[in-house]
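Each chain, written out:
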Amino acid sequence: MGLRIRTFTGGPLATHAFLVSDDDGRSIVVDVPPGTAGEIASALRMYGLTLDRIVITHPHWDHFADAGALRDATGVPIAAHPDATPRLQNARTSLFPVDGVDFSPASLVPDQSIDEGDQVQVGQTRLRVLFTPGHEPSHIALYQPDEGILISGDVIFPGGHGTLDVPGADPAAMDRSLRKLAALPDAVIVYNGHGDPTTLSAERDWLPAI
Ligand SMILES: [Zn+2]
């Protein structure tokens, strides 16, 4: 067993999609930023991967803008937290201003709901769904304990947490989510939605004490 993570980056905020695959060629994609669907579909063909699911960490447009296009190209279901559904369907509500960007989001209807306690499978490997609101009220992360992998969306970044300067952000919820993630082992590698990956040990100086 061993998961491989390939990163694709797109959109004005350089948002990441993660293609997570196992040795048998089963895979999922976590988040689909603007303009990445074609590149991801090509990679699936190039590497001979079977895509089983698209997971959206949270309904901010920079994380899901190309999810519908990837679903159209692959025929696989899109999964998100149940509270994300109205925000994905009425994509205007997931907008926040970005200088110089005129974005007209398409409505997205997810196929599956996933929440705390659920598992998302990549072949035989199960990733735990963690509910991590704060940056956004329906935010989820995926955690694989044996591999020591956390795909964290916009919660933990090198040097600090995800911005609370967006509509719907909640500092108290963020604090609870950070405490939940801070309880994971030091060696966990954090694949966040923008910028470089980090580890929990590298972020202990600002994460809440357990
Ligand atoms: Zn976000």
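These numbers were taken from a predicted model, which means no experiment stands behind them.

### Remarks on unusual backbone geometry
Here is step 1 of the chain: Positive phi values are uncommon outside glycine, yet A14 reaches one of about 50°.
Here is step 2 of the chain: Relative to the helices and strands, A14 is located in the loop between β1 (4-10) and β2 (15-21).
Here is step 3 of the chain: A tally of 12 C-beta atoms within 10 Å means that A14 is categorised as exposed.
Here is step 4 of the chain: Although it is not a glycine, D31 adopts a positive phi angle of roughly 70°.
Here is step 5 of the chain: Here D31 lies in the loop between β3 (26-30) and α1 (37-46).

### Let's talk about the sheet that holds strand β7 (residues 119-122)
Here is step 1 of the chain: Taken in spatial order, the 6 strands line up as β7-β8-β9-β10-β13-β14 in an open sheet, and their pairing is mixed. Strands with a single pairing partner mark the edges of an open sheet, and in this sheet they are β7 and β14 (198-199).
Here is step 2 of the chain: Note: strand β10 (residues 149-153) against strand β13 (residues 189-192), 4 bridges, orientation parallel. The partner of I149 across the bridge, within β13, is I189.

What counts and what doesn't
Residues numbered from 1 in each chain as written. Predicted model: local features only at pLDDT ≥ 70, side-chain atom pairs only at ≥ 80, totals over all residues. Helix = DSSP H or I, 4+ residues; strand = E, 2+ residues; numbered from the N terminus. Buried ≥ 20, exposed ≤ 12 C-beta atoms within 10 Å, placed from the backbone. Pairing = 2+ DSSP bridges.

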